[in-house]
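Now for the letters of each chain:
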Amino acid sequence: MSILHVYAAALLSVATVGAQSLTGRWVGPATTADDGLEMTVALNQSADGKITGYVLGTRSTDTVIDGKVNGSEVTLEAERPGRGGGEPVKVTYTGLLVNGKLQLTLPAFGGRAGRSAGGGRGPGAAGDAARGANPTGGPPPGGPGRGAPQVVELAHVSVETPMPLPPRPAPVSLPMPDKVKFNGLAKTPPMGWNSWNKFRNQVSDKMIREMADAIVSSGMRDAGYIYVNIDDTWEGAHRDANGNITTNNKFPDMKALAAYVHGKGLKLGIYSSPGPKTCAGYEGSYQHEEQDAKTYASWGIDYLKYDWCSASQVYDNSQATMAGAYAKMGNALLKSGHSIVFSLCQYGNLDVGEWGERVGGNLWRTTGDISDRWQSMEHIGFDLQPGREKYAGPGHWNDPDMLEIGNGGMTDAEYQTHMSLWALLAAPLLAGNDIRNMSPAISSILMNKEVVAVDQDKLGKQAVRIAQEGKTEVWCRQLHDGGWAVGLFNRGDATAPVAASFSSIGANGSHYVRDLWGHKDLGLMAGEFSSDVPSHGVVLVKIAK
Ligand code: GLA
């Protein structure tokens, strides 16, 4: 073939590609992980080139309002429903037509590099919850993952003009439920490990086994970290013919996995949603609550995190309905015949403290997602917790989200602050780091017995902020032996003196003071305890009765 022929053939193929109409349905995997999740792009390209249709992802449906084809390059301009019924958000998909397939780049969402796709809800996460929004509508329909944008390949499965999507059914309303019987669990805040903060959709059977091994060999189990919790992305893409929830190929045998974890003296946790889909777009428990609870029980699951997510698309989002949806699973877990800790995750919306215990919750998230940054941790820990102490007690805890200690985004001093504050808050302590590779500094933060003992104090009283001056704060928690745990915190940029007067904690006279990070008795003190506190650091003491 002459050069001219090759040139002509190339021109012809570009022209042919250019002439390929986008009209029809394009179907393919919704993520680059081999997990069976699918997405559909349905398009209508009119004679004048206008493109309309929709992108049916795993967690949202985007309406395509415009687009263009330039040679093999495709651009789709779409709109995604806004959070909490707010203004629609503009989303741009880009794609390439290659050999009749559409290679589609899923738009990154959430702002922050490295955690843009899925999970990371961007810098405003905690604030979103505080404003009463929920994360639905945030990340791309493609599901979770970190780093580079995901490119998925879709096949042109039909060339018919697609039918418009049927309108959404009217939202379901439920009455405020009767009180669900207490399951008798979590008399102190649950402790363990969860896969999400560090590993997102990388969690697998193999990883859970390795993590269980490491929890034992590192001493974490003996320090109290008992629950090994699988977060989102374990589920199969579809239920089986009988409607049973299935696992995807990262989890070949959940029952065997539970047996392995139990064999180590640990417990196994799992994750689902009251909605049809989880936050990462996998199968949720909507209309399968009892069936799923039974399945979990048959596997030997000991803990369920139940995440609102797509429930906002089927329920009316009132307090009664949300409580009703959670109570369904609370009752189902009780009926399952196995003891399963019930962890509510609805980002603290609709005054969950007022009804979390009533629906059988052993703990409930109080905010949007934490991230491994000082600003996220301090905002959630210091700003969004005051006032919630009245809801915490044995069996039912406020959850300011899982620990980021050891994930690399904060200094050791900041992680000490994170650990101290969570212990004072009687928060669940769910480590979120790679236990298999932990530095001595990180393991000594997570396993400081005296700090863990504050968290696990059986009186179950959550700390109150008793003083705040500029960037310094004092938090105090009453302990079962009549003493007090007191944290002197410094959120500022330079070392600062901080004092806790004994009268402010309800004590008189002189008291023995012990430094819980220094493991040192500081002696008898009169009137107050004071210390210099480094920037972003903490001095945590126990003041004896
Ligand atoms: C939500 C939750 C997170 C995590 C992800 C999983 O964002 O708040 O803790 O469970 O979903 O998709």
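Residues numbered from 1 in each chain as written. Predicted model: local features only at pLDDT ≥ 70, side-chain atom pairs only at ≥ 80, totals over all residues. Heavy atoms only, no water.

## Observations regarding the overall build of the protein
Rules: Where helices and strands are cited, they refer to DSSP runs of H or I of at least four residues and of E of at least two residues respectively, numbered from the N terminus. Relative accessibility decides the category of a residue: with a 1.4 Å probe and only protein chains considered, values under 20% of the type maximum give buried, values over 50% give exposed, and everything between is partly exposed. Two residues form a contact once any of their heavy atoms are found within 4.5 Å. To measure how exposed things are, a 1.4 Å probe is used in the Shrake-Rupley method; for residues, cover is taken only from the protein chains shown.
Looking only at helices and strands, one finds 14 helices and 24 strands in the protein. Evaluated residue by residue, the protein yields a buried proportion of 55% over its 545 residues. Long-range pairs, those at least 24 residues apart, make up 67% of the contacts in the protein between residues at least 6 apart in sequence. Here the protein has roughly 21,700 Å² of accessible surface; of this, 54% comes from carbon and sulfur atoms.

## Here we look at the packing of helix H7 (residues 289–299) against helix H9 (residues 319–335)
Stated precisely, the cut-off is as follows: A fitted line through C-alpha atoms serves as each axis, taken over the contacting stretch for helices, and the angle formed by two N-to-C directions is quoted from 0 to 180°. The cut-offs work like this: below 35 degrees is roughly parallel, past 145 is roughly antiparallel, 65 to 115 is roughly perpendicular, and the gaps in between are oblique. For a crossing to be left-handed, the near helix must be turned anticlockwise from the far one by less than a right angle; the clockwise case is right-handed. We call Asp, Glu, Lys and Arg charged. Ala, Val, Leu, Ile, Met, Phe, Trp, Tyr, Cys and Pro are nonpolar, and the rest, Gly among them, are polar.
Where H7 contacts H9, the axes come no closer than 8 Å and their chain directions differ by 40 degrees. Regarding the angle of H7 to H9, the classification is oblique. Along this stretch, H7 crosses H9, giving a crossing that reads as right-handed. Along the contact surface, H7 presents Glu289, Glu290, Asp292, Ala293 and Tyr296, while H9 presents Lys328, Met329, Ala332, Leu333 and Lys335. Its residues assigned to classes, the contact of H7 with H9 shows 5 nonpolar, no polar and 5 charged.

## Considerations on the sheet that holds strand S5 (residues 73–80)
Selection criterion: For two strands to be treated as a pair, DSSP must find at least two bridges joining them.
An order of S1-S2-S3-S4-S5-S6-S7-S8 is seen for the 8 strands of this closed barrel, with the pairing classed as antiparallel. Each neighbouring strand pair of the sheet contributes to a mean axis angle of 30 degrees, computed without reference to strand direction. Sheet topology note: the strand S1 (residues 24–29)/strand S8 (residues 151–158) ladder contains 3 bridges and is antiparallel. Each bridged residue has a counterpart across the sheet, and for Arg25 the counterpart in S8 is Ser158.

## Overview of unusual backbone geometry
You will see that Arg200, though not glycine, has its phi angle at about 45 degrees, which is positive. Assessed through its relative accessible area of 3%, Arg200 is described here as buried. One non-glycine residue, His536, lies in the positive phi region at around 60 degrees. In this structure, His536 sits in the loop between strand S23 (528–533) and strand S24 (538–543). The class for His536 is buried, based on a relative accessible area of 14%.

## Looking at the state of the cysteines
For clarity, the cut-off: Whenever a pair of cysteine sulfur atoms sits within 2.5 Å, that pair is classed as a disulfide.
One pass over the full model with this rule turns up 1 disulfide. With a sulfur-sulfur separation of 1.5 Å, Cys279 is cross-linked through a disulfide to Cys309. With the S-S dihedral at roughly -50 degrees, the linkage between Cys279 and Cys309 falls on the left-handed side. Placement of Cys279 in the loop between strand S11 (267–272) and H7 and of Cys309 in the loop between strand S12 (303–307) and helix H8 (311–314) is noted, with a sequence separation of 30 residues between them. Residue class for Cys309 comes out buried when judged on its relative accessible area of 2%.

## Structural notes on H7
Here H7 has its buried residues at Glu289, Asp292, Ala293, Thr295, Tyr296, Ala297 and Trp299. As for H7, its buried residues are in contact with helix H6 (254–263), S11, S12 and H9. Once H7 finishes, Gly300 follows within two positions and takes phi at roughly 95 degrees, a positive value.

## Looking at the environment of Ala155
Here Ala155 lies in strand S8. Note on Ala155: relative accessible area 25%, which makes it partly exposed. Considered as a pair, Ala155 and Gly100 are 55 residues apart in the sequence and their alpha carbons are 7.5 Å apart. Residue contacts for Ala155: discarding those within four places in its chain leaves Arg25, Trp26, Val27 and Lys101.

## What about the pairing of S1?
Relative to strand S2 (residues 38–45), S1 is paired through 6 bridges, and the arrangement is antiparallel. For Pro29, the partnering residue across the bridge sits in S2 and is Glu38.

## Structural notes on the nonpolar core
Note the cut-off: In these notes, a set of buried Ala, Val, Leu, Ile, Met, Phe, Trp, Tyr and Cys residues joined through side-chain atoms within 4.5 Å is what counts as a nonpolar core.
Among the nonpolar cores identified, the biggest contains 96 residues, and Trp193, Ile208, Trp234, Tyr296, Met419 and Leu446 are the most heavily contacted of them. Considering every element that reaches this core, the biggest residue donor is H9, with 8 residues. Leaving out residues up to four positions away in the same chain, Tyr296 has contacts with Trp234, Ile270, Ser272, Ser285, Ile301, Leu304, Met329, Leu333 and Ile340. Among the nonpolar cores identified, the runner-up in size contains 24 residues, and Val91, Leu102, Leu104 and Leu106 belong to it.

## Observations regarding the side chain of Arg200
Convention followed: As used throughout, the charge tally considers Lys and Arg to be positive and Asp and Glu to be negative, leaving His and the chain termini uncounted. Any Lys or Arg side-chain nitrogen located within 4 Å of an Asp or Glu carboxyl oxygen qualifies as a salt bridge. Definition of a polar contact: a pair of N or O atoms within 3.5 Å, with one able to donate and the other able to accept a hydrogen when the atoms are protein atoms, and with sequence-neighbouring residues admitted only if both atoms are side-chain atoms.
If you trace the backbone, Arg200 turns up in the loop between helix H3 (196–199) and helix H4 (205–217). No salt bridge forms around the buried Arg200; measuring N to O, its nearest opposite-charge neighbour Glu404 is 5.9 Å away. Polar contacts involving the side chain of Arg200 include one to the main-chain carbonyl oxygen of Trp196, which spans 2.9 Å.

## Re the sheet that holds strand S19 (residues 484–490)
Spatially, S17-S18-S19-S24-S21-S22 is the arrangement adopted by the 6 strands of the open sheet, whose pairing is antiparallel. Edge strands, defined here as strands with exactly one partner in the open sheet, are strand S17 (464–469) and strand S22 (520–526). Taking the axes of each pair of neighbouring strands and ignoring which way they run, one obtains an average angle of 25 degrees across the sheet. As paired strands, S19 and S24 are joined by 6 bridges and run antiparallel to one another. The residue of S24 that forms the bridge with Leu488 is Val539. Relative to S19, helix H12 (residues 412–424) is tilted by about 145 degrees, and along the sheet it contacts strand S18 (472–478), S19 and S24.

## Brief notes about the packing of H4 against H6
For the pair H4 and H6, the least separation of the axes is 10 Å and the interaxial angle reads 10 degrees. As summarised for this structure, H4 and H6 are arranged roughly parallel, according to the angle between their axes. Each of Asp205, Ile208, Arg209, Ala212 and Asp213 in H4 lies in contact with H6, whose residues at this interface are Ala256, Leu257, Tyr260 and Val261. Classifying every residue of the contact of H4 with H6 gives 6 nonpolar, no polar and 3 charged.

## Remarks on the confidence of the model for the protein
To keep things clear, this is the line we draw: Confidence of the prediction at every residue is given by pLDDT, a number between 0 and 100.
Of the residues in the protein, 89% reach a pLDDT of 70 or more, and the chain-wide mean stands at 90. Low confidence marks residues 9–18, where pLDDT is under 50. Its contacts with residues over four positions away, or in another chain, come to 4 contacts.

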